[in-house]
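# Structure at a glance
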Amino acid sequence: DAVVHWFKCDLRTKDNKALDTASETAKEKGVPLVAMYIVSPQDFEAHLTAPVRVDFILRTLEVLKEELAMLDIPLYVETVEKRKTIPDRIMELLKEWNARHLFANLEYEVDELRREAELVRSCLENGVAFDVMADTCIVSPGELTSGTGKQYSVYTPWFRAWIAYIHEHNDVLDLFGPPSKNPSSARKRFSKIFDSKIPSAPSNKKITDEEKTRFKSMWPPGEAEAHSRLSKFLDDRARKYDETRNFPFAATTSCLSAHFAAGTLSTRTAVRAARSYNSTTKLNGGNQGLQTWISEVAWRDFYRHVLAHWPYVCMNKPFKPEYTNITWEYNDEHFAAWCSGQTGYPIVDAAMRQLNHCGYMHNRCRMIAASFLAKHLLLDWRMGERYFMEHLVDGDFASNNGGWGFSASTGVDPQPYFRIFNPLLQSERFDKEGEYIRKWVPELRGVGGNAIHDPYERGAGREAKKGGYPERIVRHKESRERCLARYKEGLGRG
Ligand code: FAD
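For clarity, every value in this text was computed on a predicted model and none was experimentally measured. (Residues numbered from 1 in each chain as written. Predicted model: local features only at pLDDT ≥ 70, side-chain atom pairs only at ≥ 80, totals over all residues. Heavy atoms only, no water.)

## Description of helix H6 (residues 155-168)
Cut-off, in case you're wondering: A run of H or I in DSSP becomes a helix once it reaches four residues, and a run of E becomes a strand once it reaches two; helices and strands are each numbered from the N terminus. Expected helix span is taken as 1.5 Å per residue step, with the number of steps being one fewer than the number of residues. Buried, partly exposed and exposed residues are distinguished by accessible area as a fraction of the type maximum, computed with a 1.4 Å probe on protein chains only: under 20%, between the cut-offs, and over 50%, respectively. Here a residue-residue contact requires only that any non-hydrogen atoms of the pair lie within 4.5 Å.
Relative to the 20 Å expected for 14 residues at 1.5 Å per residue, H6 spans 20 Å between its end C-alpha atoms, a close match to the ideal helical length. Within H6 the residues assigned to the buried category are Tyr155, Trp158, Phe159, Ala161, Trp162, Ile163, Tyr165 and Ile166. On its buried side, H6 packs onto helix H13 (267-276) and helix H14 (288-309).

Right under this line is the structure:
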């Protein structure tokens, strides 16, 4: 007999509810624990998983395999080409390992829920127990409802309820232990799995050797790395996070999002750790920086609650149906300029180039770039949502969809559509000295002073042109007016 844990977006040994429960069950039964991960190229395709993220996941699996091997737990990784066959393949593997109990953590996206429903059916037919646990949110979707019993669609009251719930149910922050060591016989019985290799990236997600080297140094994988990043952030930066987090040049945020997305770190661990650095156990008390950071981590839960309650957001629909009728421009040249960071708006271009180079973009810049696409270029926000997903190392459907909904005013808890970011003011405010711009837009390195934010209009056109920097593809004032009119017209038709 054996017990199996199926790893998905929870690639860690510590503070992993399903893994811990699987381990306890195996121990009680006196049988070994086997861990499994399925690489699904079709899922990567359907979910637009960025190659940089696939690379990060595969490198993480290498580390995880070694960590589990130290506990005599084998990690089996297989590429299954057709995603429809995943439930059947899992049943075959369970049979091969003579396993009667499967564990996994729940994912809330629609495709994943359908796959799990299929697997539940197969397990029932085959006499296998399947335990799916709610682990990915600190407070599970469905736990928080407003006074009228409804799901919150606005963050602030939801956040108040989230905090109150955690204070009332302190055990939601309890730590799940790492799995116990397997009986030593597991080594012999599963020797083939111990000797097996992590597959290389599927052909649809390959990266070049240069990218491999770059991403390897930018995004070291693994749980220990995530924990050391967390400690460093809490030691050095967290206390000032409220004042510094919006400035994209300095390293002021935690840069943990890739780890939360791969599951090398749980948000539970992150919040517990932040709390332990504070002078109070209250999550909304004590140091302002720590409080603000916790409230940002909570956004991740918030967007999962939204997704779980309104699953149609997974199907390319705006949260608010009346926003379906906006007439978008489908201007390929504008879209190409936005993607490659050639819009003539330095802050937008710096942001897009950071994304293209690192698979990461600072949060303030995500808002500026997303708003620019939807409002200044009037391009369908779903094109931008897709591009982000295809390039982010931290691509997370719920957070990305939520961020785009916010920025395009089509989502839950939106910016009102008439509040349009002025990219120049944003640039002057958050990259005052132009350091972020100069880092990512080398054509403008020679441009000094305030002209960095808008070189052609502020007397630095010659330098900008010499460097090969493009002129603005749209003008702010006209774009703003066009946007207001178009949104108004679309809503009128709703
Ligand atoms: P920190 O500032 O250190 O915050 C800590 C953690 O809190 C983050 O790692 C993240 O898990 C969470 N968090 C912070 N802000 C948000 C937020 N607004 N929404 C949800 N979670 C948040 N985040 C993703 O993880 N994946 C995405 O695909 C993603 N797409 C986005 C798209 C748009 C248009 C916007 C505006 C935001 C998006 N975000 C996304 C949220 C946010 O930009 C990133 O989480 C953040 O920049 C990651 O950097 P960090 O780890 O240094 O964050």
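So that's the structure; there's more coming.
## Section: the nonpolar core
Nonpolar side chains tend toward joint burial in soluble globular proteins. This is how the line gets drawn: We define the nonpolar core as a collection of buried residues of types Ala, Val, Leu, Ile, Met, Phe, Trp, Tyr and Cys that are connected through side-chain atoms lying within 4.5 Å of one another.
Within the largest apolar cluster, 107 residues are counted, with the highest numbers of intra-cluster contacts made by Trp158, Trp162, Trp293, Trp338, Met352, Met361 and Tyr487. Residue contacts for Trp162: discarding those within four places in its chain leaves Ile138, Val139, Leu144, Val271, Leu283, Ile294, Ala298 and Asp301.

## Considerations on unusual backbone geometry
A positive phi angle is found at Asn316, which is not glycine, with a value near 65°. Along the chain, Asn316 falls in the loop between H14 and helix H15 (332-340). Positive phi is not limited to glycine here, since Ser409 has a value of about 65°.

## Some thoughts on empty space enclosed by the protein
Spelled out, the test is: A pocket, in this scheme, is an open set of points on a 1 Å grid over the protein atoms alone with protein on both sides within 12 Å along at least 5 of 7 lines, while a cavity is a set where a 1.4 Å probe fits but cannot get out; residues line either one if an atom lies within 4 Å of a point. Grid points are joined across faces, edges and corners, and a volume is the space filled by probe spheres set on the points. Following the grouping adopted for this structure description, the nonpolar residues are Ala, Val, Leu, Ile, Met, Phe, Trp, Tyr, Cys and Pro, the charged ones are Asp, Glu, Lys and Arg, and the polar ones are all others, Gly among them. Residue ranges labeled as domains rest on an automatic or database domain assignment.
This model, assessed by the stated rule, comprises two cavities of 30 Å³ or more. Residue lining of the largest cavity: 17 residues in total, with Val313, Phe319, Asn401, Gly402 and Val412 positioned closest to the centre. Of all elements in the fold, only H14 and helix H19 (397-408) reach the threshold of two or more residues within the lining of the largest cavity. Of the residues forming the lining of the largest cavity, the biggest block, six residues, is contributed by H19. Taken together, the residues that form the lining of the largest cavity break down as eleven nonpolar, five polar and one charged. Here the lining of the largest cavity spans two domains, since at least three of its residues come from each of domain 2 (211-309) and domain 3 (321-493). Counted as a void, the second largest cavity has a volume near 40 Å³.

## Thoughts on the packing of H15 against helix H18 (residues 381-391)
Definition in use: Between the N-to-C directions of two axes lies an angle of 0 to 180 degrees, each axis being a line fitted to C-alpha atoms and, for a helix, fitted only over the stretch in contact. Left-handed describes a crossing in which the near helix is turned anticlockwise from the far one by less than a right angle; the clockwise case is right-handed.
The interhelical angle for the contact between H15 and H18, taken along N-to-C directions, is 35°, at an axis separation of 12 Å. Seen along the crossing, H15 lies across H18 with a hand that is right-handed. Packed against H15, whose contacting residues are Phe335, Trp338 and Cys339, the element H18 presents Met383, Gly384, Tyr387 and Phe388 at the interface. Among the residues forming the contact of H15 with H18, the class breakdown is six nonpolar, one polar and no charged.

## Regarding the site of the ligand
As a reminder of what qualifies: Any residue with a heavy atom positioned within 4 Å of a molecule or strand is treated as near that molecule or strand. N or O atoms closer than or at 3.5 Å make up a polar contact, with two conditions inside protein: a donor-capable atom paired with an acceptor-capable one, and, for residues adjacent in sequence, both atoms drawn from side chains. Note on areas: these come from Shrake-Rupley sampling with a 1.4 Å probe, and a residue is covered only by the protein chains present in the view.
Taken together, 28 residues lie near the ligand, and Tyr241, Thr253, Ser254, Cys255 and Asn363 sit nearest. Glu296 has a polar side-chain atom sitting 3.1 Å from a nitrogen atom of the ligand. Within the complex, 97% of the 810 Å² of free accessible area of the ligand lies under protein. Mapped onto the shell around the ligand, the elements with two or more residues apiece are helix H12 (257-262), H14, helix H17 (363-376) and H19. In terms of residue class, the shell around the ligand is made up of 15 nonpolar, eight polar and five charged. No fewer than three residues from each of domain 2 (211-309) and domain 3 (321-493) sit in the shell around the ligand.

## A word on the sheet that holds strand E5 (residues 129-133)
Rules: Strands qualify as paired when DSSP identifies two bridges or more between them.
A sheet is described by the order of its strands in space; here five strands give the open sequence E3-E2-E1-E4-E5, paired in parallel fashion. In the strand order of this sheet, the two ends are held by strand E3 (75-79) and E5, each with one partner. Neighbour-to-neighbour, the strand axes of the sheet open up by a mean angle of 25°, direction not taken into account. Note: strand E2 (residues 33-39) against E3, five bridges, orientation parallel. Across the sheet, the residue bridging to Ala35 is Leu75, located in E3. Relative to the sheet, helix H5 (residues 110-125) contacts strand E1 (2-7), strand E4 (99-105) and E5, its axis offset from that of E5 by approximately 155°.

## Examining the environment of Ala18
Within the element layout of this structure, Ala18 appears in helix H1 (residues 17-29). Note on Ala18: relative accessible area 0%, which makes it buried. The spacing of Ala18 and Asp135 is 117 residues in sequence and 7.5 Å in space, taken between C-alpha atoms. Those residues in contact with Ala18 that lie beyond four places of it in its chain are His5, Phe103, Ala104, Asn105 and Met133.

## Topic: the pattern of salt bridges
We apply this condition: Salt bridges are identified by distance alone: a Lys or Arg side-chain nitrogen within 4 Å of an Asp or Glu carboxyl oxygen.
Going through the model one piece at a time under the given rule, you end up with 34 salt bridges. Arg115 is paired through a salt bridge with Asp43; the nearest N and O atoms lie 3.9 Å apart. One end of the pair, Arg115, is in helix H5; the other, Asp43, is in helix H2 (residues 41-46), and 72 residues separate them in sequence. Each member of the pair Arg115 and Asp43 is classed as buried. Two residues, Lys477 and Glu481, come together in a salt bridge whose shortest N-O distance is 3.6 Å. In this pair, Lys477 and Glu481 both sit in helix H23 (residues 476-493), four residues apart, roughly one turn of the helix. The structure contains a network of salt bridges with shared partners spanning Lys8, Asp43, Arg83, Glu107, Asp111, Arg115 and Glu116.

Interpretation in functional terms is not warranted from these geometric data alone.
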